[in-house]
Structures are given as structure tokens and as C-alpha cells.
Amino acid sequence: MKKYRMFIFALAFILCQLFGCSRQSMNDIIENQPSVHGVITQVHDTYIMIDLESESYPDNSACTVSLDVENSDGLYSPMTVGDEVVVYFDGLIAETYPLQINNVYAITLRTPANRPPSAAVPNT
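Here is a short report on the structure shown in this document. (Residues numbered from 1 in each chain as written. Predicted model: local features only at pLDDT ≥ 70, side-chain atom pairs only at ≥ 80, totals over all residues. Heavy atoms only, no water.)

Moving on to the side chain of Ser61. Assignment of secondary structure puts Ser61 in strand 3 (residues 61-66). Given a relative accessible area of 12%, Ser61 falls into the buried group. The contact partners of Ser61, leaving out residues within four places of it in the chain, are Ile50, Asp51, Leu52 and Leu99. (Helix = DSSP H or I, 4+ residues; strand = E, 2+ residues; numbered from the N terminus. Buried < 20%, exposed > 50% of the residue type's maximum accessible area, 1.4 Å probe, protein only. Contact = heavy atoms within 4.5 Å.)

See the structure below:
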């Protein structure tokens, strides 16, 4: 009977790992994952293009960022050209042209682009 219980426990643990029961919270991602920030220059269905603002790369290095974000709460919307964003990722940037970030945990808005006054929230 003990072997049966251990088998069920092990199977449940494996299934939990496979189906994302251990996904990180937004706070864990922000506190523990590497990040870069930049300004959005293009928005596409599956990726955005940003100009990186990083000490590791020259000013305005173009970088594509996948929109296949691992944390479902980690993607703000709608993205607009000119928004300054912070990208939390696994730390790997493909050294291609343009640079590429493929394993993205979250993308958060740092500074919104200038929006027309009609899009602004009225003060109350």
C-alpha cells in the first residue's frame, strides 16, 4: 500500500511540474529575474521591437521580444509604439541582428508613450 501511495504522490508531483503549478508570481519575477528596458518601435502579432537602453549594448540597439509570455498576468495591453517597457526574461539575448529575447517571463509598462488627450483618464 505504501508503494501505491508513493507512486500516486510522485505522479502528482510530475504532473504539477509539467502543467505549470509552480509558475512564478509577478512579484517573484520582478524581484528575481534579469530585465532590460527599452522603447517600443514596432508592434507585431507575435513580437515587439524595442530599442534597448542597456549598459551591455550600445544605445538604441534593436531587439525583438517574443510576446509568448510565460506568466499570463505579465503582459500589459494595448502596447503602443513609444511606450517604455521593462522585459523580464531568462537572461539570454541572442546575438543576432536584431538582437532577440525569446524566453520572456513578463513585460511591464515603465513609461507610457504620449497619448492624445482623449485617451487620458480625467481627474476626479
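Resuming the write-up.
Take the environment of Gly91 next. By the secondary structure assignment, Gly91 is in the loop between strand 4 (84-89) and strand 5 (99-101). Given the relative accessible area of 40%, Gly91 is considered partly exposed. With 56 residues separating them along the chain, Gly91 and Ser35 place their C-alpha atoms 7.4 Å apart.

Another aspect to go through is unusual backbone geometry. Most of the time, phi is negative for any residue but glycine, and the peptide bond is trans. A cis amide bond, omega -5°, links Ser77 with the succeeding residue Pro78. As for its position among the elements, Pro78 is in the loop between strand 3 and strand 4. Of the consecutive residues Tyr97 and Pro98, the connecting peptide bond is found in the cis state with omega at -5°. By the element assignment, Pro98 lies in the loop between strand 4 and strand 5.

Remember that the coordinates give geometry; whether it matters functionally is a separate question.
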